[in-house]
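Close look at the chain arrangement
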4 protein chains.
Amino acid sequence: MYNVALFGAGRIGQIHAANIAAHPDCRLQYVIDVYPPAAQALAEKYGATVVSAEQALDDSSINLVAICSATITHADLIEASAKAGKAIFCEKPVDLSLERVERCLATVKECGVTLMVGFNRRFDPSMAQLQQSLAAGEIGNTEIVTIISRDPGAPPAEYLKTSGGLFRDMTIHDFDMARWLLQEEPVSVYASACSLVDPAIKALGDIDTAVVTLTCASGKMAVITNSRRATYGYDQRIEVHGSEGMLAVNNLPESSLVKSDIGGVVAQKPMYFFLQRYADAYRLEFASLIEHLKSGKAISPGGEDGLQALRLADAALASMNSGQVVRL
Amino acid sequence: MYNVALFGAGRIGQIHAANIAAHPDCRLQYVIDVYPPAAQALAEKYGATVVSAEQALDDSSINLVAICSATITHADLIEASAKAGKAIFCEKPVDLSLERVERCLATVKECGVTLMVGFNRRFDPSMAQLQQSLAAGEIGNTEIVTIISRDPGAPPAEYLKTSGGLFRDMTIHDFDMARWLLQEEPVSVYASACSLVDPAIKALGDIDTAVVTLTCASGKMAVITNSRRATYGYDQRIEVHGSEGMLAVNNLPESSLVKSDIGGVVAQKPMYFFLQRYADAYRLEFASLIEHLKSGKAISPGGEDGLQALRLADAALASMNSGQVVRL
Amino acid sequence: MYNVALFGAGRIGQIHAANIAAHPDCRLQYVIDVYPPAAQALAEKYGATVVSAEQALDDSSINLVAICSATITHADLIEASAKAGKAIFCEKPVDLSLERVERCLATVKECGVTLMVGFNRRFDPSMAQLQQSLAAGEIGNTEIVTIISRDPGAPPAEYLKTSGGLFRDMTIHDFDMARWLLQEEPVSVYASACSLVDPAIKALGDIDTAVVTLTCASGKMAVITNSRRATYGYDQRIEVHGSEGMLAVNNLPESSLVKSDIGGVVAQKPMYFFLQRYADAYRLEFASLIEHLKSGKAISPGGEDGLQALRLADAALASMNSGQVVRL
Amino acid sequence: MYNVALFGAGRIGQIHAANIAAHPDCRLQYVIDVYPPAAQALAEKYGATVVSAEQALDDSSINLVAICSATITHADLIEASAKAGKAIFCEKPVDLSLERVERCLATVKECGVTLMVGFNRRFDPSMAQLQQSLAAGEIGNTEIVTIISRDPGAPPAEYLKTSGGLFRDMTIHDFDMARWLLQEEPVSVYASACSLVDPAIKALGDIDTAVVTLTCASGKMAVITNSRRATYGYDQRIEVHGSEGMLAVNNLPESSLVKSDIGGVVAQKPMYFFLQRYADAYRLEFASLIEHLKSGKAISPGGEDGLQALRLADAALASMNSGQVVRL
């Protein structure tokens, strides 16, 4: 049985709490949050107890922590948990600083504990099936990965201020998908980006529209297009072109209803909200971690994946700022 | 708070148990099953207690019963529950005999309790949205309802023996959908049917392939096509043609992955299993019942809906047997 | 080289004229029409000559006639052409009277000439591919054929008066498709129909909305749904369910453009006009006739196909009028 | 009436010949080809005459020339035709050398004749509708144009030798589409490319797989992905993301038949051959030229479009060779 201490009772913490509580091999034991009423409400819902971080980490019955608190707390909590010998799930990113991530991962390694980083998309059933089909050679050798990733709307300026910018906050998921599907590390990054969506984003020095090209030594490429806006919903598509065919994951519509009339043949928009689109992914992500803990199944994505995705984000930023290609 | 006694710990009982346990206004109190280990396992999973039917109905803290046991027990349990003053959810059908259903509904009426009959498809998000669009006049007046309903495979002969036959067991869902979408009772039924799928079905005197036409006084029609076989998955489609357009609910694929290669452009099959296809429907069905109990929202589908669907099933059987149209 | 005399310079005659003129093995020699200016204009366009019917049939260099004139003239022209030893293409129907068709076909048989009846849909590339896939056993044994056939709008009352009614004018195409795909003659017909679209149609004693069920001795069935109205374009779909799968022909959209915005994901409507939807079919139909004449490839559809489709139409009418199933 | 002299009786010349001959305002007068039997066969088919280039250009009754001969002859023929005062249609490209194109266009300008360059895709009905929807503001301001363009297979090495390379031969169409849809000239080009498809292509120093990013001063971007291979057919898709929505042109399947069975839901592959995919585009392209000549409708695409697309191709090549972004 895995007794879990959950850090962070916000939106994403609530998702993980529900999945932990529903998992037959887990018990949600503790909830920790800087805002006590939030911790209390979540704890009550699942029969857990509100404690301090110290109490949770000191309790030897806790063998797994789930870190869903603010980004700024991630690296410290990972290190403390690792030192306490707990297995760790941490929402992305480990940290916004490469150097801090490297130090943190070194600690995790020293302590010999498991660390899963929350790149949830790898567990989306369609994306996972795409990756398995690729790995099984169904379309031969991968040649071009095309990732279209658009949020339905921009987050509030307050959030963006501490987000690390588009590449580290949003594209980082796409960098992870690109690495996962290319199965080879990119050797160069080129990013062209600007702010077309919201003057508030521009005012923050951030961007909202980007095209990023990743090139591998073998010649394989990935191209990512991002926008902080999509009037038609959350746009999450990936296609992989290979020597023997193409695999594509399309959007999931809100329902399968289609209306045909004088105005056209109107299907439903893609699901609008990421928590709806990736509800299955969050559940399967946690289940995969438990399977790793139980049976030694390889952990994926691990800390190294978080680090490499951040490296690509930093390179994209450098490329955009310099207007030139960045070699890795 | 609704304290629920669940009758039946089988496949469908387990679905409802999970939805009851997850509902914020419900508590799964008792599980009753003729096979004690099944009852015990399900009760343990959700912190409920195994009791006898009498104990459950005698407990005044129980204000809702969910009947998921064998068809043959439905009518008796409904009557006993009604007399005990409980609100009732009952899986379809109320009974295979029209006369028995009528008597049972009379008892329910006398006792003044709520009865919801489990025509789950009304709660499928796509189907519900179709019906709401129709009701909102989005395609003008309904003219033809086309229902395609095919099971991925035939049930075992053992089940079929007591199923009441294709029309009462499988088409009954389609009759309910047709009535719900036509918003007018059919005045004639014509059924052409035979056994093409499985000699075992023919040997039982049952059929596995059918086309049924329902005609209303206004001229509106519905046509249902059924098969006990669909190699490509559970085929559940409905389209409604109206004076100003068409609304169609298509199948839900198992994932959104599409592979294009020399063999064609291959999308995923429709979900294979009805519990997967209608998982949301079962959840929303139960939620709708609770909303009715809490706020007086109209109950739908009620006992009368169960009765009318069975009338259509009986008429279809009579039509098939006589080879002629049956007037209602 | 086939020297063709074309009877009828109207809308459908113009289509065939273009296909005849473009065919490498054909020459459009004569155009005959009761309205001389129409004949003249069409003849000029393709370097043909306007003549009388007698002149055309007396000219021994003419070895093929194409009959695209008014329905009432078909049977007489077929007989006269047959007696003159010409190969014959005739637009559907041969005649609206079964007895007249039988007499006409007897004459054709005596004269030993080729007669192709213009059921153009058999030559639509998608429909033809469906039939070939069926014939190749790709989905095992056929079980249910579902034909959805809706015109974008009703023809003028003037046309409807002499059309023979919905079943003989419009459904006759669907009866031909059903026979072609069932590969077995139906033994019973049930038609439920009414007028919902246009009071003018009702005033003429005709119908505009119908559901027809055809049943074969083996148990195979076909169900046809018709409407004289479809706000979203010409709706022409067929699906065949078999023991090992399903084959479906969907509509062809006017273009492949799709717009996604706040209102939904909007694809183009199906092609609106039958001459656009079936442009390829008309061309391939004529090419198939020429191939038959050149190489002895079996003629399909022949006069017998025209006769059988009319028999089904008459049976549907009798069923609708009696409210009962009609045995054949 | 436009009397046309056609240079080049090869594959693409035959397409244009058919469209010229079928156009009500045109007559195919002369066919010129270095290989006399090809010229003869094509001329006979449409009642034209085989002549020399000089004869054709000296004949004052010829008011339009269509240049479909080898690329190397284009610029000379354009200049000679311009000096002879003929209106000119020329297949892309005008020339592979920017300097030569500029000189040629200067001559055309001096002579004051019409020149249309054969970027056929602008006339594809779906692409044209996309561009009209954009121009009508249906999705607000354009933000990202995504062009996926893959040939079903690589051309023979013999052809590739004189093709000018992937960017000038194949991507040039995509550069034209990008310019046409961006409605703003790119200010920078980045190309990442390699040879993954065919060692013969690599041996020629050419590439077969590419990702190109175009960035405009306003921030708008276009991304093009190319491959000389697509096992599933000719892959020609464009999507434009704008401030208020998205417009996408999808592939056209070979037919609308879909087969569902145990292996999945299998739709037809995209049309394999460019002459089939763009048959309508070629016809409408020529019709648009004639409309320009008759009514003064603006010519599009003109020589300047050919020049700008070539500039982008040269910049892409320079970017690939230098591994850096190229500013324009």
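In this text, all values refer to a predicted model and were calculated from it rather than measured experimentally.

Structural notes on the pairing of strand β13 (residues 257–261) of chain B
Counting buried residues along β13(B), four of its five residues qualify, which places the element largely inside the surrounding structure. As judged from the four bridges shared by strand β12 (residues 245–249) of chain A and β13(B), these two strands associate in the antiparallel manner. From the neighbouring strand, Leu247(A) faces β13(B), where its bridge partner is Lys259(B). Taking the residues that link successive antiparallel strands as the turn, the β13(B)-strand β14 (residues 264–267) of chain B hairpin has two residues.

Some points on the interface of chain D and chain B
Often, the extent of an interface is quoted as the loss of accessible area on bringing the components together. Between chain D and chain B, the contact holds 13 residues from the first and 13 residues from the second. For the pairing of chain D and chain B, the buried interface totals around 950 Å² over both sides, and the portion due to carbon and sulfur atoms is 61%. Considering only the surface of chain D that becomes buried against chain B, Ile262(D), Val265(D) and Lys269(D) emerge as the three largest contributors, covering 40% of it. Within the residue set of the side of chain D that touches chain B, elements represented by two or more residues are β13 (257–261) and β14 (264–267) of chain D. With four residues, β14(D) is the largest single contributor of residues to the side of chain D that touches chain B. Broken down by class, the residue content of the side of chain D that touches chain B amounts to six nonpolar, five polar and two charged. Both β14(B) and β14(D) contribute to a ladder of three bridges, which runs antiparallel. Looking across to β14(D), one finds that Val266(B) is bridged to Val266(D).

Things to note about the UniProt feature "domain: Gfo/Idh/MocA-like oxidoreductase N-terminal" (unreviewed entry) in chain A
Cross-referencing UniProt, the feature "domain: Gfo/Idh/MocA-like oxidoreductase N-terminal" (unreviewed entry) maps to residues 3–119 of chain A in the present numbering. End-to-end, the C-alpha atoms of residues 3–119 of chain A are 22 Å apart, and along that stretch the chain is 47% helix and 23% strand.

A few points about the UniProt feature "domain: GFO/IDH/MocA-like oxidoreductase" (unreviewed entry) in chain A
Under the feature "domain: GFO/IDH/MocA-like oxidoreductase" (unreviewed entry), the UniProt entry names residues 128–247 of chain A. Note that residues 128–247 of chain A is 29% helix and 37% strand, and that its end C-alpha atoms are spaced 12 Å apart.

Topic: the relation of the copies chain D and chain B
Of the transformation superimposing chain D on chain B, the axial component is 0.0 Å and the angular component is 180°, with the fit at an RMSD of 0.0 Å. Here the two chains are linked by the operation of a two-fold rotation axis. Distance from the rotation axis, computed per C-alpha, reaches its smallest value in chain D at Val266(D): 2.2 Å. Of the interface residues in chain D, 100% have counterparts in chain B that sit at the interface too, so the contact is made through matching surfaces.

Thoughts on the sheet that holds strand β5 (residues 87–91) of chain C
All names here are of chain C. Pairing is parallel in the open sheet, where six strands are placed in the order β3-β2-β1-β4-β5-β6. A strand with exactly one partner marks an edge of an open sheet, and here the two such strands are β3 (49–50) and β6 (115–118). Alignment of strand β4 (residues 64–67) against β5, held across four bridges, turns out to be parallel. Its bridge partner lying in β5, Leu 64 is registered against Ala 87.

Concerning the interface of chain A and chain D
On the chain D side, the residues contacting the 40 residues of chain A number 40 residues. Between chain A and chain D, roughly 3,100 Å² of surface is buried when both sides are summed, and carbon and sulfur atoms account for 58% of that area. Connecting chain A to chain D are six salt bridges. Notably, a salt bridge pairs Glu239(A) with Arg237(D), separated by 2.8 Å at the nearest N-O pair. Here chain A and chain D share 18 residue pairs in polar contact (both at pLDDT 80 or more) between them.

Some details on the sheet that holds strand β2 (residues 26–32) of chain A
All names here are of chain A. Read across the open sheet, the six strands follow the order β3-β2-β1-β4-β5-β6; overall the sheet is parallel. Either end of the sheet is taken by a strand with one partner, and the two such strands are β3 (49–50) and β6 (115–118). In the sheet, β2 pairs with β3 via two bridges, with the strands oriented parallel. Looking at the pairing, Tyr 30 lines up with Thr 49 of β3. Sheet contacts for helix α4 (residues 71–83): β1 (2–7), β4 (64–67), β5 (87–91) and β6; angle to β5, the most-contacted strand, approximately 170°.

Here's the deal with the pairing of strand β5 (residues 87–91) of chain B
Residues and elements named next belong to chain B. Burial analysis of β5 places five of its five residues in the buried class, which makes it a mostly covered element. Burial along β5 is two-sided: the face carrying Ala 87, Phe 89 and Glu 91 and the face carrying Ile 88 and Cys 90 are both buried. In this fold, the crossover linking strand β4 (residues 64–67) to β5 by way of helix α4 (residues 71–83) has right-handed handedness. In terms of strand pairing, β5 meets strand β6 (residues 115–118) through four bridges, oriented parallel. Its bridge partner lying in β6, Ile 88 is registered against Leu 115.

Some details on the relation of the copies chain A and chain D
For the pair chain A and chain D, the relating rotation is 180°, the translation along its axis is 0.0 Å, and the fit reaches an RMSD of 0.1 Å. A shared binding surface is used by both copies, with 100% of the interface residues of chain A retained as interface residues in chain D.

Considerations on the packing of aromatic side chains
Applying the stated rule across the entire model yields ten aromatic pairs over all chains. With centroids separated by 4.4 Å and ring planes inclined at 45°, the aromatic side chains of Tyr190(B) and Tyr190(C) adopt a geometry described as tilted. Residue Tyr190(B) is found in strand β8 (residues 186–194), and its partner Tyr190(C) is found in strand β8 (residues 186–194); the two belong to separate chains. Judged by its relative accessible area of 4%, Tyr190(C) falls in the buried class.

Things to note about the packing of helix α9 (residues 171–182) of chain B against helix α13 (residues 303–322) of chain B
All names here are of chain B. Axis separation between α9 and α13 bottoms out at 9 Å; the angle between their running directions is 115°. Seen from above, α9 lies across α13 with right-handed handedness. Taken together, the residues of α13 that come into contact with α9 (itself represented by Ile 172, Phe 175, Asp 176 and Arg 179) are Asp 305, Gln 308, Ala 309, Leu 310, Leu 312, Ala 313 and Ala 316. Of the residues that constitute the contact of α9 with α13, the class distribution is seven nonpolar, one polar and three charged.

Comments concerning the domain arrangement of chain A
All names here are of chain A. Per the domain assignment, the segments making up chain A are domain 1 (2–113) and domain 2 (125–327). Each partner contributes to the interface: domain 1 provides 23 residues, whereas domain 2 provides 25 residues. Summing both sides of the interface, domain 1 and domain 2 together bury roughly 2,100 Å²; the carbon and sulfur share of this comes to 74%. Looking only at domain 1, the three residues that lose the most surface to domain 2 are Lys 92, Leu 96 and Leu 98, adding up to 26% of its buried area. Between Glu 102 and Arg 311 there is a salt bridge; the shortest N-O distance is 2.7 Å. Counting the contacts that link domain 1 with domain 2 gives four residue pairs in polar contact (both at pLDDT 80 or more). Elements with a contribution of two residues or more to the side of domain 1 that touches domain 2: β1, α1 (11–22), β5 and α5 (98–111). Sort the elements by how many residues they give to the side of domain 1 that touches domain 2 and α1 lands first, with six residues. Of the residues belonging to the side of domain 1 that touches domain 2, the class tally is 13 nonpolar, four polar and six charged.

Things to note about the packing of α1(A) against helix α11 (residues 279–295) of chain A
If you want to describe how two helices pack, look at the angle between their axes and the distance between the axes. Residues and elements named next belong to chain A. Orientation of α1 relative to α11, taken along the N-to-C sense of each, is 55°, at an axis distance of 10 Å. Considering the angle they form, α1 stands oblique to α11. Seen from above, α1 lies across α11 with right-handed handedness. Residues Ile 12, Ile 15, His 16, Asn 19 and Ile 20 of α1 pack against Tyr 282, Arg 283, Glu 285 and Phe 286 of α11.

Calculation criteria
Residues numbered from 1 in each chain as written. Chains lettered and ligands numbered in written order. Predicted model: local features only at pLDDT ≥ 70, side-chain atom pairs only at ≥ 80, totals over all residues. Heavy atoms only, no water. Buried < 20%, exposed > 50% of the residue type's maximum accessible area, 1.4 Å probe, protein only. Helix = DSSP H or I, 4+ residues; strand = E, 2+ residues; numbered from the N terminus. Pairing = 2+ DSSP bridges. Contact = heavy atoms within 4.5 Å. Buried area = accessible area lost by both parts, 1.4 Å probe. Nonpolar A, V, L, I, M, F, W, Y, C, P; charged D, E, K, R; others polar. UniProt positions renumbered as here; feature names shortened; annotations may be inferred. Least-squares fit on C-alpha atoms with pLDDT ≥ 70 in both. Salt bridge = Lys/Arg side-chain N within 4 Å of Asp/Glu carboxyl O. Polar contact = N/O pair within 3.5 Å; in protein donor to acceptor, adjacent residues only side chain to side chain. Axes fitted to C-alpha atoms, helices over the stretch in contact; angles between N-to-C directions. Right-handed = clockwise from strand over helix to strand, strands pointing away. Phe/Tyr/Trp six-rings, centres within 6.5 Å; stacked < 30°, edge-to-face > 60°. Left-handed = near helix turned anticlockwise from the far one by under 90°. Domains from an automatic or database assignment. Parallel < 35°, antiparallel > 145°, perpendicular 65-115°, else oblique.

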